[in-house]
Amino acid sequence: MDIKEIEKVMISQGYENEYIELCTSYASNLNENGFPVIFDSIHLAMLIGIDVKELYSYYILAENLYKEVNIPKRTGGNRKISMPCENLKYIQKWILDNVLYKEKCSESSTGFMPHKSIVDNAKLHVNKECIINLDIKDFFPNIKYMQIYNLFCEFGYSRHLSMVFSGLCTYKSVLPQGAPTSPYLSNLICKRLDAKLLDLANFIEASYTRYADDITFSGEKKIAKHIKLIRKIIINENFIINEKKVRVQFKHHKQVVTGLVVNTKLSVPRKTKKYLRQQIYYAKKYGVKDSLERQNITKSNYRGHLFGYAYFIRMVEEHIGDKFIEQLCSIDWES
């Protein structure tokens with residue numbers, strides 16, 4: 001935004017010099033920080049393309065605009081997903097694309113990042129003597145409204161706008177798992193955690209990455225003695241460690257990072273490939289419907305489920321993945 005042009009317009013409209021200086025200073029600060037200049041809620045609503053009354057209605061009624069669903073976890077229990085209505089989701093997507101993406105996350109963060117995947121997270125830990133895995137418990141709910149509010153203030157936005165942004169991006173005063181803004185916001189909130197853990201990693205001569213709530217250190221065997229210090233840093237950043245998922249993996253055992261085996265090279269676990277190979281065999285031998293009945297499997301999108309496995313394998317082991325895709329394409333899905 002052209003600050004000089006703003007100043008000229010305000011002078012021509014008769015604003016007092018003190019107010020003009022306040023506005024131009026505010027705009028200059030946002031410009032320097034790389035964020036879009038947004039003066040107030042009216043300006044924000046205009047940029048989004050809605051009426052300011054509509055914007056405030058989403059802000060005030062936000063807690064009534066989510067649908068909560070429980071999705072079973074593979075490890076047992078349920079994961080609560082809070083899904084915003086389409087209109088609120090549109091606003092959140094605008095905030096993500098036009099504001100949040102202007103701020104870079106740490107290089108150590110690989111989850112929820114454009115052009116990054118579990119492969120990027122795992123490849124740094126290939127062929128290491130020791131791997132330490134820790135998992136943050138209730139990751140999104142542990143990030144609170146005030147942390148989000150302070151983040152927008154740090155960007156340079158006014159306290160009122162920061163309050164509006166935070167209200168639109170939180171649900172019951174925490175980050176909702178299901179809003180498009182939550183993943184990237186979680187990474188921005190974790191920048192300080194990443195910086196501290198990376199400093200420790202450099203000090204103990206280890207590699208460090210974080211994929212959402214999944215924290216990994218790797219290096220020589222000696223890094224295992226620093227696990228208490230890793231725990232302390234995570235706890236001091238107000239996160240809770242899931243003790244059931246703390247693992248120290250040495251070279252003589254299978255080493256897994258974000259679902260991928262990393263002992264000597266990146267590879268998909270054998271049981272994953274065995275499962276897909278078995279499903280293809282049954283589908284071809286008995287037909288898809290009969291195969292599902294025999295295994296007592298009820299999946300609404302069984303075809304997509306299997307192709308998802310194949311593309312996941314292809315991402316890590318291209319040649320094997322291509323073979324699975326070829327086999328899946330030869331199945332008569334109507335049988």
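Residues numbered from 1 in each chain as written. Predicted model: local features only at pLDDT ≥ 70, side-chain atom pairs only at ≥ 80, totals over all residues. Heavy atoms only, no water.

## Considering the overall build of the protein
Now for step 1: In terms of helices and strands, the protein carries 15 helices and nine strands.
Now for step 2: Along the first, second and third principal axes, the C-alpha atoms of the protein reach 80 × 55 × 35 Å.
Now for step 3: Taking all 335 residues of the protein together, the buried fraction comes to 46%.
Now for step 4: In the protein, of all internal contacts separated by at least 6 residues, the share reaching a separation of at least 24 is 68%.
Now for step 5: Only carbon and sulfur atoms are counted for the fraction: they give 51% of the accessible area of the protein, which is about 18,600 Å². (Helix = DSSP H or I, 4+ residues; strand = E, 2+ residues; numbered from the N terminus. Buried < 20%, exposed > 50% of the residue type's maximum accessible area, 1.4 Å probe, protein only. Contact = heavy atoms within 4.5 Å. Areas by Shrake-Rupley, 256 points an atom, 1.4 Å probe, with all protein chains shown as cover.)

## Let's talk about the pattern of salt bridges
Here the idea is simple: oppositely charged side chains can pair when their charged atoms come close.
Now for step 1: Per the counting criterion, the structure on display carries 14 salt bridges.
Now for step 2: Notably, a salt bridge pairs Glu237 with Arg192, separated by 2.9 Å at the nearest N-O pair. Remark: Arg192 occurs in helix H10 (residues 191-203) and Glu237 occurs in the loop between helix H11 (227-236) and strand S6 (240-241); sequence separation between them is 45 residues.
Now for step 3: Lys222 is paired through a salt bridge with Glu205; the nearest N and O atoms lie 2.7 Å apart. With Lys222 in the loop between strand S5 (214-219) and H11 and Glu205 in the loop between H10 and strand S4 (207-211), this residue pair connects regions lying 17 residues apart in the sequence. (Salt bridge = Lys/Arg side-chain N within 4 Å of Asp/Glu carboxyl O.)

## Re the nonpolar core
Now for step 1: Ranked by size, the top nonpolar core spans 71 residues in total, and within it Ile95, Val99, Tyr157, Phe217 and Ile234 carry the most contacts.
Now for step 2: Counting residues in hydrophobic clusters, the runner-up holds 26 residues, among them Ile118, Leu260, Val262 and Leu328. (Core = buried A, V, L, I, M, F, W, Y, C linked by side-chain atoms within 4.5 Å.)

## A word on the packing of aromatic side chains
Now for step 1: The final tally for this structure, using the stated rule, is 20 aromatic pairs.
Now for step 2: An aromatic cluster of at least three residues, connected via ring pairs, comprises Phe35, Phe152, Phe155, Tyr157 and Phe165. (Phe/Tyr/Trp six-rings, centres within 6.5 Å; stacked < 30°, edge-to-face > 60°.)

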